[in-house]
Amino acid sequence: MEVFDVTIVGGGPAGLYSAFYSGMRDLKTKIIEFHPYLGGKVNIFLEKMLWDIGGQPPIVAEKFIGQLIEQAMTFEPTVCLNTKVEHIEKQDDVFVISTNNGEKHYSKTVIIAIGGGIFQPIKLEIEGAEKYEMTNLHYTINGIERFAGKDILISGGGNAAIDWAVELLPIAKKLTVIYRSDELKAHEAQVKKLKEHQVEILLNTEIQSLVSNDEKTAIEHVVIREGDVDKSVTVDDIIICHGYNREVSLDFAQGILPKRNDNQLFESEGQCQTTTPGIFAVGDIVAYSDKVYLLVGTFNDAVLAVNSAKKYLEPDANSYAMVSSHNEKFRDRNQKILVDMK
Ligand SMILES: Cc1cc2nc3c(=O)[nH]c(=O)nc-3n(C[C@H](O)[C@H](O)[C@H](O)COP(=O)(O)OP(=O)(O)OC[C@H]3O[C@@H](n4cnc5c(N)ncnc54)[C@H](O)[C@@H]3O)c2cc1C
């Protein structure tokens, strides 16, 4: 049985930075992530520009998350994707972490970095719709360029739907927004922008069926129902923004149950320690006075939690890692970087 010093549950920004910092502190580290990819909920706004990260000029979220992943891999943590942590218990001094695929993981400490939980887009309830996800039915947007010059139908009236519509305005050939309710729910300013551009907005309208091309590979047109009237819309691409299902369940054995507040967030006892010794919580899932629920806040939490884990494992260890300019771990790497720069 391979026992890790630190196992991080969740591979979003908080988990990724915890993995990096854990390596800085010489801890044998594992990340367990439900999705087949890392990055957490940044994956739902990949095309957005991020402006509010210290020292980082405006950056597209997709690039930012790529950098965060690269940094997290600096000390080669073990990464388990497609794996959902379901239950954590303690046997002697080791936490036993059980997952949905029947595997068990063993760790001396656990950092919970599950953020808002597992986000999965709410899918269209139309039989056979999933086969078009490989072609022109989208629940998220990876690369806005593919929509240039296209006839696009967006279904949804919340912020995500309207934000995407505004982003696509300059490049789409034609944009149609449909929404099942009688009023768009997105920010007023964004809705105003859409209306100024005379985008076709159909309220009280829902998708009824998808009609494929002759090869049955892609959707050729969509039948929508506006009030009581059905009509057919020819499309190149459909973007569905019907929100996300969120699952935050994480089960703990009796006796190691970290305390949660009314919002189900883990209460920090200070330094991102939960009420259970050896279990720490970081990012959007932890609560403490003055907590910042932003990317910068996740980095601060990661440092606090990893340093707490280090002290838990080695009470005589320094309270925090040597700053990178004085850190021996980077000496050889720095030299290589300097040589490559020449
Ligand atoms: C639309 C939107 C825009 C935003 N814009 C900004 C911005 O401009 N600037 C900014 O600073 N912040 C922004 N944020 C906030 C920022 O995204 C979050 O603060 C940050 O993602 C929190 O990171 P996290 O790692 O705590 O959680 P998450 O990003 O939620 O990651 C948690 C990870 O844990 C995984 N997980 C959950 N449960 C399990 C389990 N049981 N087993 C295994 N894995 C599990 C999930 O799949 C997920 O990958 C935005 C958020 C949203 C929703």
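Keep in mind that this is a model prediction, so the values were computed, not measured.

(A) Structural detail: the overall build of the protein. Check the secondary structure of the protein and you find six helices and 22 strands. Expressed along its principal axes, the backbone C-alpha trace of the protein runs to roughly 70 × 55 × 40 Å. Here the protein displays about 17,900 Å² of accessible surface, and carbon together with sulfur accounts for 49% of that area. Counting 35 positive and 49 negative side-chain charges, the protein places the averaged centre of each group 3 Å from the other.

(B) Structural detail: the nonpolar core. Ranked by internal contacts, the top residues of the largest apolar core, which has 35 residues, are Ile8, Leu16, Leu50, Phe64 and Ile111. When contributions to this core are tallied by element, the ones reaching two or more residues are β1 (3-9), α1 (13-24), α2 (61-72) and α5 (295-313). When residues of this core are assigned to their parent elements, the largest contribution, seven residues, is made by α1. With residues near it in sequence (within four places) discarded, Ile111 still touches Val6, Thr7, Ile8, Val9, Ser18, Phe280, Val282, Ala305 and Val306. Counting 23 residues, the second largest nonpolar core, distinct from the first, contains Ile154, Val166, Leu184 and Val199.

(C) A look at the pairing of strand β14 (residues 205-212). Bridge count for β14 against strand β15 (residues 219-226) is seven bridges, and the pairing is antiparallel. Note on β15: the bridge partner recorded for Ile207 is Ile224.

(D) Inspection of the environment of Asp26 at higher detail. Tracing the chain through its elements places Asp26 in the loop between α1 and β2 (29-32). As for Asp26 and Lys336, which are separated by 310 residues in sequence, their C-alpha atoms are 21 Å apart. With residues up to four places along the chain from it excluded, the contact list for Asp26 reads Asp5, Lys310 and Lys329.

Cut-offs used in this document
Residues numbered from 1 in each chain as written. Predicted model: local features only at pLDDT ≥ 70, side-chain atom pairs only at ≥ 80, totals over all residues. Heavy atoms only, no water. Helix = DSSP H or I, 4+ residues; strand = E, 2+ residues; numbered from the N terminus. Areas by Shrake-Rupley, 256 points an atom, 1.4 Å probe, with all protein chains shown as cover. Lys, Arg positive; Asp, Glu negative; His and termini not counted. Charge placed at Lys NZ, Arg CZ, Asp CG, Glu CD. Core = buried A, V, L, I, M, F, W, Y, C linked by side-chain atoms within 4.5 Å. Buried < 20%, exposed > 50% of the residue type's maximum accessible area, 1.4 Å probe, protein only. Contact = heavy atoms within 4.5 Å. Pairing = 2+ DSSP bridges.

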